[in-house]
Amino acid sequence: MSRDSLSENTTADRYAESASALGGLPGDLLLVVAYALVGGGLLVVGLPSTLQFIVGIPLLLFVPGYTVLSALFPGRPSRNAGQVSSLSGMTRTFSSLRSIQHRGVRWGERVALSFGLSLFLVPLLALVLDFSTLVFGTDSPYHTGPIVAVLVGFAVLCAAIGFVRRLGLPRDERFGVPVGYWIDDFVGGLTGSSVDALLNVVLVLSVLVGAASMTYALAVPQDGSSTTNFAVGTQDGSGEFTVGDYPQNMTVGQPQQLTVQLQNHEGEPANYSVVAQLQRYDGEEVLTRNTLKRFSTQTVPENRTWQRQHTVTPTIAENDLQLVYLLYQGDPPQNPTEENAYRSVHLSVNVSGGGGGGGGNGSA
């Protein structure tokens, strides 16, 4: 279906024709920027896991490389570009950056190089994001918001540079995606002989079915893979959550502030309940359970994080106690235990005696 072996004039004309569309504006860059902004916004707001995969993969593995290439090579391929195959002659023809700049990069090469360059750039962007924690003294940056913001910001910056550089060239020298040529080529393949038309249709359907099958296999979680991450810790003055950071020494009657965090990866919205108990052990089994706190969540959307800051007030003084948090989907049973909980977290604490008694159930 490809016609990259056309004459030199035809090869040049199709790029010049594409560059003249939309009043000479780089339509491909406008589309890529729109996708980055809209797709990035949807990822931050929250999407079902399948849609999150479909939207996120191009943003991660294609957009960064494509925008960098657009900034580096704003011009269309030279008239002799069609004499060299897309990839086989690259090592011979791309002998220097100046020769690449003079020759230009065709659309097929841009697509292939966009994936490879994205695989090179994304780890570098991750290092920049990680380095920011040392400079600004912030907590871990590896959350959806910061990652998406860096990817989108980088793509928009490079696209803006490519936009300006491309507009600085005459229209017939600007790179343009030859969409009209592709359509004519595809229609020509369908209006030829019946055998050619059938083969083209089968080829297109095979590619679509293969892409859909691979996307489904990678994006849809398999049976038993749904879960909820459950953790207990504390928050600092800026609101950053630290897993496992809690006071190990407490005093009877004195409230301690803790934070519960859960992440819903069940594949659908869910409601949860949490029960906090102070338990005495004899080394093998639980002797007593004192319920310190009960609360429920609102509906937690899929792939979203929910936090609850609260206080617990110890009611008994003893060393080697267990502050146990029990998580349930929906309402908890009348007798909450680790055996009937969906998830549980155990915190070892020592409680000393002090003034003031604590009730069985506290309030946040």
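See the structure shown above.
An account of the accompanying structure is given in this report. Every value quoted in this text rests on a predicted model; they were computed, and no experiment measured them.

Each value, and the rule that gives it
Think of each chain on its own: its residues are numbered from 1, step by step along the sequence as written. Reporting in this predicted model follows two pLDDT cut-offs: at least 70 for local features of residues, and 80 or more for side-chain atom pairs to be given and counted; totals over whole chains, interfaces and linings ignore these cut-offs and use all residues. Calculated side-chain values reflect all of the structure's heavy atoms, with hydrogen atoms and water omitted. Only strands that DSSP links by at least two bridges are regarded as paired with each other. A helix here means a DSSP run of H or I that spans at least four residues, while a strand means a run of E at least two residues long, and both kinds are numbered starting from the N terminus. An axis is simply a line fitted to the C-alpha atoms; with a helix, the fit covers only the stretch in contact. Between two such axes, the angle follows the N-to-C directions and lies from 0 to 180 degrees. Surface patches are drawn from residues lacking salt bridges whose relative accessible area is over 30%; two like charges belong together within 9 Å, two nonpolar side chains (Val, Leu, Ile, Met, Phe, Trp, Tyr) within 5 Å. Accessible surface area values rest on a Shrake-Rupley calculation with a 1.4 Å probe, where residue burial reflects the displayed protein chains alone. Here, a salt bridge means any side-chain nitrogen of Lys or Arg that lies within 4 Å of a carboxyl oxygen of Asp or Glu. The classification of residues rests on relative accessible area computed with a 1.4 Å probe and restricted to protein chains. Under 20% of the type maximum is buried, over 50% is exposed, and intermediate values are partly exposed.

What follows covers the sheet that holds strand 8 (residues 318–329). Strand order in the open sheet formed by 5 strands is 3-9-8-5-6, and the pairing between neighbours is mixed. Pairing within the sheet leaves two strands with one partner each, and these edge strands are strand 3 (249–251) and strand 6 (286–296). For this sheet the average axis-to-axis angle between neighbouring strands, irrespective of direction, equals 35 degrees. In the sheet, strand 5 (residues 272–281) pairs with strand 6 via 9 bridges, with the strands oriented antiparallel. Each residue of the ladder has a partner; that of S273, found in strand 6, is S296.

This part covers a nonpolar patch on the surface. Together, L25, L30 and L167 make up a nonpolar patch on the protein surface, roughly 220 Å² of accessible area in all. For L25, the location among the structural elements is in the loop between helix 1 (8–19) and helix 2 (27–45).

Moving on, we get to the sheet that holds strand 1 (residues 227–235). With respect to topology, 4 strands assemble into an open sheet ordered 2-1-4-7, the strand pairing being antiparallel. Of all strands in the sheet, those with a lone pairing partner are strand 2 (241–243) and strand 7 (305–312), marking the two edges. The sheet shows a mean angle of 40 degrees between the axes of neighbouring strands, direction not considered.

On to helix 4 (residues 63–72). Among the 10 residues of helix 4, 9 are classified as buried, and the element is accordingly described as predominantly covered. Regarding helix 4, the residues found buried are V63, P64, G65, Y66, T67, V68, L69, S70 and A71.

This brings us to the pattern of salt bridges. Tallied over the full model, the rule gives 3 salt bridges. Its salt-bridge partner being R166, residue D28 comes within 2.7 Å of it at the nearest N-O pair. Taken as a pair, D28 in helix 2 and R166 in helix 8 (residues 144–167) lie far apart in primary sequence, 138 residues in all. There is no split in this pair, since D28 and R166 are both buried. The salt bridge involving E338 is made with R289; its shortest N-O contact spans 3.0 Å. Here R289 lies in strand 6 and E338 lies in the loop between strand 8 and strand 9 (343–352), a separation of 49 residues in the sequence. Assessed through its relative accessible area of 18%, E338 is described here as buried. When its relative accessible area of 32% is taken as the criterion, R289 is described as partly exposed.

Tracing the backbone shows Q256 in strand 4 (residues 256–265). You can call Q256 buried: its relative accessible area is 18%.

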